[in-house]
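Architecture at a glance
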Amino acid sequence: ARSMNPRITLGAVAYDAKQVYVAVDVTDEKLVADGDRVDLVIGFSGGATNTVSIFPGAPGKPAKATVAGKPIAGAKVVEAPRKGGWTMEAQLPWSAFEAARRGRGGLRGALIVHDADASTRVEGSASNAVGTSWDKLPALPTTIRGGGRR
């Protein structure tokens, strides 16, 4: 059975001077490496946004974080499948977010989970935001609960 309706059961974003930390618990019937992913969109004062894609791994295939399809140096990602879904944690250097070089004030953000069950093609998505442009992103909280279908 294909879920095509993933949910972020719990998502958290935190940061310090050097790193951005992401933790998600996703309800999903099947974990698909290179198909399932979580996008972190961060918006910065002035309207710039940057997106990092975080992919769970699989046996023989490590988890990874990318920007525009390129691996992020220094990123650390781990995932853990569980009955009815999966969890994933990531540690991302601020250098992955180009707009952060100009300042980190007025942060906004969203987590978007993308679900692929039959192949690596995305079949469904869920987010805590109504869009990915700066004006559509909520203020970046430290904890994001739930995630409706987008």
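Below is a short write-up of the structure. (Residues numbered from 1 in each chain as written. Predicted model: local features only at pLDDT ≥ 70, side-chain atom pairs only at ≥ 80, totals over all residues. Heavy atoms only, no water.)

Comments concerning the overall build of the protein chain
- Of the regular secondary structure elements, the protein chain holds zero helices and 12 strands.
- Helices and strands appear in the protein chain in the N-to-C order β-β-β-β-β-β-β-β-β-β-β-β.
- For the protein chain, restricting intrachain contacts to residue pairs at least 6 apart in sequence, the fraction spanning at least 24 positions comes to 60%.
- Total accessible area on the protein chain stands at roughly 7,500 Å², and carbon and sulfur atoms take up 52% of it. (Helix = DSSP H or I, 4+ residues; strand = E, 2+ residues; numbered from the N terminus. Contact = heavy atoms within 4.5 Å. Areas by Shrake-Rupley, 256 points an atom, 1.4 Å probe, with all protein chains shown as cover.)

So, the environment of P138
- One can find P138 in the loop between β10 (124-127) and β11 (143-145).
- Since its relative accessible area comes to 29%, P138 is described here as partly exposed.
- The spatial distance from the C-alpha of P138 to the C-alpha of A110 is 7.1 Å, given a sequence separation of 28 residues.
- If near-sequence neighbours (up to four positions away) are discounted, P138 is found in contact with R108, G109, N128 and A129. (Buried < 20%, exposed > 50% of the residue type's maximum accessible area, 1.4 Å probe, protein only.)

Some remarks on the nonpolar core
- Residues L40, L92 and F97 are the most contacted members of the largest nonpolar core, which totals 29 residues.
- Secondary structure elements with two or more residues in this core: β2 (19-27), β3 (37-43), β4 (49-55), β8 (85-93) and β9 (108-115).
- Judged by nonpolar contacts, the second largest core, of five residues, contains V41, A110, A129 and L137. (Core = buried A, V, L, I, M, F, W, Y, C linked by side-chain atoms within 4.5 Å.)

Focus: the environment of G109
- Mapping G109 onto the fold places it in strand β9.
- Between the alpha carbons of G109 and N128 there is a distance of 9.0 Å; along the sequence they are 19 residues apart.
- Aside from chain neighbours lying at most four places away, what touches G109 is V41, I42, N128, L137, P138, A139 and L140.

Describing the side chain of D36
- For D36, the location among the structural elements is in the loop between β2 and β3.
- This buried residue, D36, is left without a salt bridge; R37 holds the nearest opposite charge, at 8.7 Å.
- Ignoring sequence-local partners within four residues, the contact set of D36 consists of D28, K30, L31, F55, P56, W86, H114, D115 and A116. (Lys, Arg positive; Asp, Glu negative; His and termini not counted. Salt bridge = Lys/Arg side-chain N within 4 Å of Asp/Glu carboxyl O.)

What about unusual backbone geometry?
- Although it is not a glycine, A68 sits at a positive phi angle of roughly 50 degrees.
- Looking at the secondary structure, you find A68 in the loop between β5 (64-67) and β6 (70-71).
- Given a relative accessible area of 77%, A68 falls into the exposed group.

Focus on the packing of aromatic side chains
- Under the criterion given, the structure shown has three aromatic pairs.
- Its guanidinium or amino end placed over the ring of W134, R108 lies 3.6 Å from that ring's centre, counting from NZ or CZ. (Phe/Tyr/Trp six-rings, centres within 6.5 Å; stacked < 30°, edge-to-face > 60°. Lys NZ or Arg CZ within 6 Å of the ring centre and 35° of its normal.)

Concerning the pairing of β4
- Most of β4 is tucked away: five of the seven residues are buried.
- In the sheet, β3 pairs with β4 via six bridges, with the strands oriented antiparallel. Each residue of the ladder has a partner; that of V41, found in β4, is T51.
- Linking β3 to β4, which pair antiparallel, is a turn of five residues; within it G46 sits at a positive phi near 95 degrees.
- Sheet analysis places β4 next to β5, joined by three bridges and oriented antiparallel. Across the sheet, the residue bridging to S53 is T66, located in β5. (Pairing = 2+ DSSP bridges.)

So far we have only geometry, and geometry alone does not tell us how the molecule works.
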